[in-house]
Amino acid sequence: MHDHFILTNGIVTDGFSFLIENCRIEIADGKIANIGDASDFKSKDIKIIDLKGRLVLPGLLNPHHHLYSALATGLVPIGPTDNFTQILENLWWQLDKTLDEESIYYSAVSGLMQSVRYGVTTLFDHHASMSRVTGSLQLIEKAFRKIGVKGVLCYEISDRMGKNFLQSQINENINFYIKNMEDPQIQGLLGLHANFTLSEASMATIAEQKPEELPIHIHCGEDKADFDYCVEQGYNGPVHRLFEYGLLSENSILAHCIHLSETDYQLLQKFEPIIISNPESNANNNVGLMNIEKIENYLLGTDGMTGNILGTLRSHYLQRNGNLPNAMKILFENPAQLTGRYFSNSGTIREGNAADFAITNYIPVMPINLDNLLYHLLFGVQGKEMFMTIADGKILFSDNTLHTIDETEINKEIKKVVNKLHERFYE
Ligand SMILES: [Zn+2]
């Protein structure tokens, strides 16, 4: 049963093609039934929500996240974290070894709860759980369905568990992808951890078994170690290695793209894959900055750091000293296109499309238009929690309350699971 209601008196924008003040949106059957002027609105016998001049955005996309990290807050790394490899070994790889069935599920629930508070209605998750590969994506899928967010899921294949576990990781991705091919809410991708955790033999096996139309989602050139490994194997960089194995296409999702060669940049220009920059994570891991002069067209992800995309925009802006020439394309236009590739009639605010909205708690009083929208987002919205988040016409979050779950009860469960998980982490 879908809700039928009207949002009125909002400032509505898709971030790149229109901005309407004093706007009214009718939502019915999960879709945007009608967009018009609030002043010529004649009352119908349906629920009306007065937004009191708040800024309304399309539901936000997080194209690169790791929900398995959601319960890591408070963990102290078990060894030094002086470089990227040590951070992986002493924190993330120790964590993903200890995840079990219940902690995979509750990590996803917890990460999604946070994401919804920040207006995210579509999320690409890159999952790892070394001791529970088979069926792990289905546990995460269950969390997406419970919270009500659209998801594109994959399992990050690596050699970390040894040769015998390669096949189960490939199967987990491909089986999940096939099972969800026609699903309107959940889709699958082929997850690879990174070049430097995949041997030549493993890459060959993956390339051989990959269904042609199934895109990859990988960490690419995140740290210099990834680049150096590819050069040692005889390639001109991480993108070049993917290309040589036939894994590069316009649908490939490459996270980071920091340490690349000229050959790599040329291949990016030629194939135009989807590139996700994760500025907060890159700063946290001290791995450098993506070259935004060479890579102008990208999206912003959070890479397990947070569920807050608009906060990530603010970090990105400050890190680049206010020099973000393509900010609106990065934040709205590119996400709209990517969301639309996976979910038909989704990603843009248009009559007949899925009703996905991030309604900020910000009431602009200064003049607002498409040319100055960035500054309203940075200094008005400020990356704070939303007033309301709507996905497929359903109000998931409003009045500081999540509506698809009982947060108090879920938090009791999460607390029990976290205590056990953190104990295992230090064993
Ligand atoms: Zn990542």
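Before reading on, note that the structure itself is shown above.
Residues numbered from 1 in each chain as written. Predicted model: local features only at pLDDT ≥ 70, side-chain atom pairs only at ≥ 80, totals over all residues.

We now examine helix H2 (residues 101-117). An α-helical turn contains 3.6 residues, so any two residues separated by three or four positions project in the same direction. Between its first and last C-alpha atoms H2 spans 25 Å; for 17 residues at 1.5 Å apiece the expected length is 24 Å, and the two agree. Along H2, 13 of the 17 residues are buried, which leaves the element largely enclosed by surrounding structure. (Helix = DSSP H or I, 4+ residues; strand = E, 2+ residues; numbered from the N terminus. Expected span 1.5 Å × (residues − 1). Buried ≥ 20, exposed ≤ 12 C-beta atoms within 10 Å, placed from the backbone.)

On to the pairing of strand E6 (residues 60-65). In terms of residue burial, E6 counts as a mostly covered element, since six of its six residues are buried. As paired elements, E6 and strand E7 (residues 120-127) share four bridges and run parallel to each other. Note that in E7 the partner of Leu-60 across the bridge is Val-120. (Pairing = 2+ DSSP bridges.)

Another point: the sheet that holds strand E8 (residues 150-155). Overall, parallel pairing links the four strands, which are arranged E6-E7-E8-E9 in an open sheet. Edge strands, defined here as strands with exactly one partner in the open sheet, are E6 and strand E9 (186-188). On average, adjacent strands in this sheet sit at an angle of 15 degrees to one another, irrespective of strand direction. (Axes fitted to C-alpha atoms, helices over the stretch in contact; angles between N-to-C directions.)

Pairing between strand E16 (residues 388-391) and strand E17 (residues 394-398): four bridges, direction antiparallel. Across the sheet, residue Thr-389 finds its bridge partner in E17, namely Phe-397. If you look at the hairpin formed by E16 and E17, you'll find two residues sitting between the two strands, and Asp-392 has a positive phi there, around 45 degrees. Bridging between E17 and strand E18 (residues 401-402) involves two bridges; their strand directions are antiparallel. The residue of E18 that forms the bridge with Phe-397 is Leu-402. In this structure, the hairpin formed by E17 and E18 is closed by a connection of two residues, where Asp-399 is found at a positive phi of approximately 50 degrees.

Turning to the packing of helix H4 (residues 166-179) against helix H5 (residues 200-209), a few remarks are in order. Between two packed helices, the angle of one axis relative to the other and the distance separating the axes together describe the packing. The contact between H4 and H5 brings their axes to 11 Å, and the two run at 30 degrees. On the basis of their axis angle, the class for H4 and H5 is roughly parallel. Between H4 and H5 lies a crossing of right-handed hand. Listed contacts from H5 to Leu-166, Ile-170 and Ile-174 of H4 are Ser-202, Thr-205, Ile-206 and Gln-209. When grouped by side-chain class, the residues that make up the contact of H4 with H5 number four nonpolar, three polar and no charged. (Parallel < 35°, antiparallel > 145°, perpendicular 65-115°, else oblique. Left-handed = near helix turned anticlockwise from the far one by under 90°. Contact = placed C-beta atoms within 7 Å. Nonpolar A, V, L, I, M, F, W, Y, C, P; charged D, E, K, R; others polar.)

Taking 1.5 Å per residue as the helical rise, helix H3 (residues 136-147) with its twelve residues ought to reach 16 Å, and the 17 Å between its terminal C-alpha atoms agrees with that figure. Taken together, the buried positions of H3 are occupied by Ser-136, Leu-137, Leu-139, Ile-140, Glu-141, Ala-143, Phe-144 and Ile-147. Buried residues in H3 make contact with H2, E7, E8, H4, E9 and E17. Trailing H3 by a residue or two, Gly-148 shows a phi angle of about 100 degrees, which is positive.

Our next topic: unusual backbone geometry. At Asp-303, a residue that is not glycine, the phi angle is positive and equals roughly 50 degrees. Look at Asp-303 and you get buried, because 26 C-beta atoms sit within 10 Å. Despite not being glycine, Gln-382 has its phi angle at roughly 60 degrees, a positive value. With respect to the helices, strands and loops of the structure, Gln-382 is situated in the loop between helix H12 (373-381) and E16.

Let's shift gears to the sheet that holds strand E12 (residues 253-256). In spatial order, the strands read E10-E11-E12-E13-E14; together these five strands make up an open sheet with parallel pairing. The open sheet has two edge strands with one neighbour each: strand E10 (190-194) and strand E14 (299-300). Examined bridge by bridge, E10 and strand E11 (residues 216-220) share four bridges and lie parallel to one another. Note on E11: the bridge partner recorded for Leu-190 is Ile-216.

With that out of the way, let us pick up the nonpolar core. In this structure, Leu-112, Val-116, Ile-140 and Ile-147 are the most contacted members of the largest nonpolar core, which totals 116 residues. The greatest single-element share of this core, amounting to eight residues, is contributed by H2. Those residues in contact with Leu-112, other than ones at most four positions away along the chain, are Leu-67, Ala-143, Phe-144, Ile-147 and Val-149. (Core = buried A, V, L, I, M, F, W, Y, C linked by C-beta atoms within 7 Å.)

It is worth spelling out the environment of Lys-31 at this point. Position of Lys-31 relative to the elements: it lies in strand E3 (residues 31-37). Overall, Lys-31 belongs to the partly exposed group, with 19 C-beta atoms counted inside 10 Å. When the C-alpha positions of Lys-31 and His-4 are compared, they lie 9.4 Å apart, and in sequence the two are 27 residues distant. Setting aside residues no more than four positions away along its own chain, Lys-31 makes contact with Gly-352, Asn-353, Ala-354, Ala-355 and Gly-393.

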